[in-house]
Structures are given as structure tokens and as C-alpha cells.
Amino acid sequence: AKEKGRGNFQFYNETMRLETERKHLVQQHLHLAIEAGEFSLVFQPQVNTQGDVIGAEALLRWHNAELGMVAPDEFIPLAEETGLIHKLGKWVFESSMETLVRFQEANNIHPDFKLAINVSSKQFRNLNIVSEVEHAIVSRGLSPNNVQIEITESLLIDNKDIAVRSMLKLQSLGVSIAIDDFGTGYSSLAYIANLPIDKLKIDRSFITDLHLKSTNRKLVDTLVNMSKSLHLEVIAEGVENKQERDVLIDLGCSQFQGYLFSRPVPADKLIKDFLA
Ligand code: C2E
Ligand code: CA
Ligand code: CA
Ligand code: CA
């Protein structure tokens, strides 16, 4: 047992060493990646029950020559740790708004189309965030009504007072606010009711196999009813098949996002396939 214990210890040590090495390597490349033009955005459509594209979510991609594609779930936490997230977040906003100009020029855009941008809780520590967002929108002659921000519940735990102040300012500009990954945190109905939000995004984990899992069905039913009683919009993310969509329609959810409709795609492809 002792031998095995030591063996395990060495194994974990080795794993930790590799993780630390990877982290350093990724961080080294990360702080050069904006200037090197290694980031890009892909866009995933959001649709209503008629299949109209009523919005899209911008998702960040990083391709580095040495590392290959690095997933946002890996590099976003590192960007937050080093503070690079502020510069990166600004880049995301500027590029998204450049793309929104192109979406607006397309023939077939929905009048209430919303481009949703992920903003992590750390970004709300930047007190200039509201003016940066406003500038990116207004300087291009865009309407804040076509812009949505996705935040997670953790923001409201870590950073509540500052965050709520910024959210109120964004809302007064006309930017709408969605709570991402909803249902995975600890927010109660009473808590959510008092916040400046417009939309709940039901987390993918509740949507997966919705047609097979009665617990998920009950949870989603509760979340949809909760949104309705608070007069919030509700969207389901991670919808992968028709069976899941049909249960959602049954439960009164009328906005969807997921592989069933489209993977996240480059702006050109979204325009060609959905907006042209
Ligand atoms: P998220 O905001 O919850 O984004 C949804 C994730 O689910 C995306 O992963 C998307 O590609 C994936 N997805 C969409 N539809 C389906 C589906 O039908 N099935 C499955 N299995 N997955 C689906 P992605 O692009 O890897 O992004 C991961 C996370 O990274 C995002 O989660 C978000 O938290 C973060 N992220 C991405 N872009 C940005 C950004 O520009 N800024 C910030 N702060 N975070 C970002
Ligand atoms: Ca999101
Ligand atoms: Ca999400
Ligand atoms: Ca997520």
C-alpha cells in the first residue's frame, strides 16, 4: 500500500507539473496573441419557433501556430488571472460591433436582431466597461437595442454592487442583459427579481436529453414559468435535436440556440446561410 501510495503521489506530481508547464506556455503565447492577430470570432444563431434568426452569440476562438486551437474554457480563465481579459474583452467588443455593421447591411436581418456578447465577471471590475461598450456601439452608428450582454450568476455573487451599477447603465443605454448558464448557480427567484436583467439562458446541462429525463423536464418547466412570471425572455442553449426542441416548445420556451440549428460559424457563413 505504501509503494502504491508513493506511486500515486508521483503520478499526481507529474500531472501537476505538466499542468503548470502547459499553463505557462499558454500564458506566454496569450499575451502576444491580440497583436499577432490570432483571435477570431464565430457566431451562433438564435432562433424562434418559426425558425427566424432573432440573434446570434459571438464566441471567441484562438488559433496559435505552436499550440493549435486553444478552447476558451482554457484561455479565458488565464486571461482573467493575468488581467489580459480587459484588453481581450475590448477586442471582442470592437470586433463584434464591426461584424454587427455587416449583419445590419444584410438583406434579411430581423428588426429586433440582437448580437450577444459574453462578458466575464472580472470584466465588470473595469469601471470603464460601460463607456467602452457605448463607444464601440455609437461610434459605428449602431443601435444599443441590437446588442445584448451575457453574464453569469457568479458575477452577482463576487461583485454585486459594482456590477449592478454597470448593468443599470447599460440597460439605460438600451443594451439588454441575459443571465448565462442559468440554473447552475444559486440564484433564487427573489434574488433574480430585483436585478436589471432582460433574459434567462437555460444552461445546456438541463437541455441535454430533455425528452428522456423527467427531472430535467421538471427543472426546465420551473425555469420557463419563473421567467414568464418575471416578464423575462427565456432561451434554451445547447439544443441538439428535434426531440429536445419539441419538449421546449411544449413547456413554452420559444427561443433556441444549439447544434440543431447551427454550430458557431464565421460571420461570412452566418450572413450567407441566414441573413442574405
Ligand atoms: P457559453 O457562453 O456558455 O457558450 C456556449 C458554449 O456551448 C460554446 O462553447 C458553444 O460553442 C457551445 N455550444 C453551442 N451549442 C451547442 C450544442 O448544441 N451542443 C454543445 N455540446 N455545445 C454547444 P465555446 O465556444 O467553447 O465557449 C465556451 C465558453 O467560453 C463560453 O460558454 C463562455 O463562457 C466562454 N467564452 C467564449 N467566448 C467568450 C468571450 O468572447 N468572452 C468571454 N468572457 N467568455 C467567452
Ligand atoms: Ca454565453
Ligand atoms: Ca451558456
Ligand atoms: Ca458556459
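Residues numbered from 1 in each chain as written. Chains lettered and ligands numbered in written order. Predicted model: local features only at pLDDT ≥ 70, side-chain atom pairs only at ≥ 80, totals over all residues. Heavy atoms only, no water.

Whenever I open this one, the coordination of the calcium ion (ligand 2) confuses me. Can you help?
Around a metal, the perfect tetrahedron of four donors has angles of 109.5 degrees, and the perfect octahedron of six donors has angles of 90 or 180 degrees. Protein-derived coordination of the calcium ion (ligand 2) comes from Glu57 (OE), Asn118 (OD1), Glu150 (OE) and Asp180 (OD), at a distance range of 2.2 to 2.3 Å. Read in sequence order, the donor residues coordinating the calcium ion (ligand 2) give the pattern E-x60-N-x31-E-x29-D. Here the calcium ion (ligand 2) and the calcium ion (ligand 3) are spaced 4.0 Å apart, linked through Asp180, which binds each one. Residue Glu150 is located in strand β5 (residues 147-152), and its partner Asp180 is located in strand β6 (residues 176-182); the two are separated by 30 residues in the primary sequence. Asp180 sits in the buried class, given a relative accessible area of 7%. (Donors = N, O, S within 2.8 Å, 3.2 Å for Na, K, Ca; no water. Helix = DSSP H or I, 4+ residues; strand = E, 2+ residues; numbered from the N terminus. Buried < 20%, exposed > 50% of the residue type's maximum accessible area, 1.4 Å probe, protein only.)

Explanation requested: unusual backbone geometry in the structure shown.
Glycine aside, residues mostly have negative phi, and peptide bonds are mostly found in the trans state. The backbone of Asp181 sits at a positive phi, close to 55°, despite the residue not being glycine. Mapped onto the elements of the fold, Asp181 is located in strand β6. Look at Asp209: it is not a glycine, yet its phi comes out positive at around 55°. Residue placement: Asp209 occurs in the loop between α8 (204-207) and α9 (214-229).

Is there a simple way to explain the pattern of salt bridges in this structure?
Where charged atoms of side chains with opposite charge meet at close range, the side chains can pair. In the structure shown here, the tally under the stated rule is 15 salt bridges. The partner of Arg140 in a salt bridge is Glu98, with the nearest N and O atoms 3.5 Å apart. Of this pair, Arg140 sits in the loop between α4 (129-138) and β5 while Glu98 sits in helix α3 (residues 85-105), and the two are 42 residues apart along the sequence. With a relative accessible area of 25%, Arg140 lands in the partly exposed category. Residue classification places Glu98 among the partly exposed residues on the basis of a relative accessible area of 48%. Put simply, Asp250 and Arg217 hold a salt bridge, and the shortest N to O gap is 4.0 Å. Here Arg217 lies in helix α9 and Asp250 lies in helix α10 (residues 242-250), a separation of 33 residues in the sequence. Under the relative-accessibility criterion, Asp250 is labelled exposed at 60%. Connected through salt bridges with shared partners, the residues Glu57, Glu150, Lys201 and Glu237 form a single ionic network. (Salt bridge = Lys/Arg side-chain N within 4 Å of Asp/Glu carboxyl O.)

When you look at the side chain of Gln123 in this model, what are you seeing that I'm missing?
Here Gln123 lies in the loop between β4 (114-118) and α4. A relative accessible area of 7% places Gln123 in the buried class. Among the polar contacts made by the side chain of Gln123, one reaches the main-chain amide nitrogen of Ser120 at a distance of 2.8 Å. Beyond its immediate stretch of four places on either side in the chain, Gln123 contacts Ile85, His86, Gly89, Asn118 and Ile129. (Polar contact = N/O pair within 3.5 Å; in protein donor to acceptor, adjacent residues only side chain to side chain. Contact = heavy atoms within 4.5 Å.)

Please clarify how the side chain of Glu150 should be interpreted in this entry.
In this structure Glu150 comes out as buried when scored by relative accessible area, which is 2%. Every residue in contact with Glu150, bar those within four places of it in the chain, is listed here: Gln46, Glu57, Ala116, Ile117, Asn118, Val119, Ala178, Asp180 and Lys201.

It is not clear to me how the nonpolar core should be interpreted in this structure. Could you clarify?
Across soluble globular proteins, nonpolar side chains have a tendency to be buried as a group. Grouped together as the largest cluster of nonpolar side chains are 78 residues, with contacts concentrated most on Met97 and Phe103. Top element by residues in this core is α3. It accounts for seven residues. Residues within four places of Phe103 in sequence aside, it is in contact with Phe43, Ile109, Phe113, Leu115, Ala267, Leu270, Ile271 and Leu275. (Core = buried A, V, L, I, M, F, W, Y, C linked by side-chain atoms within 4.5 Å.)

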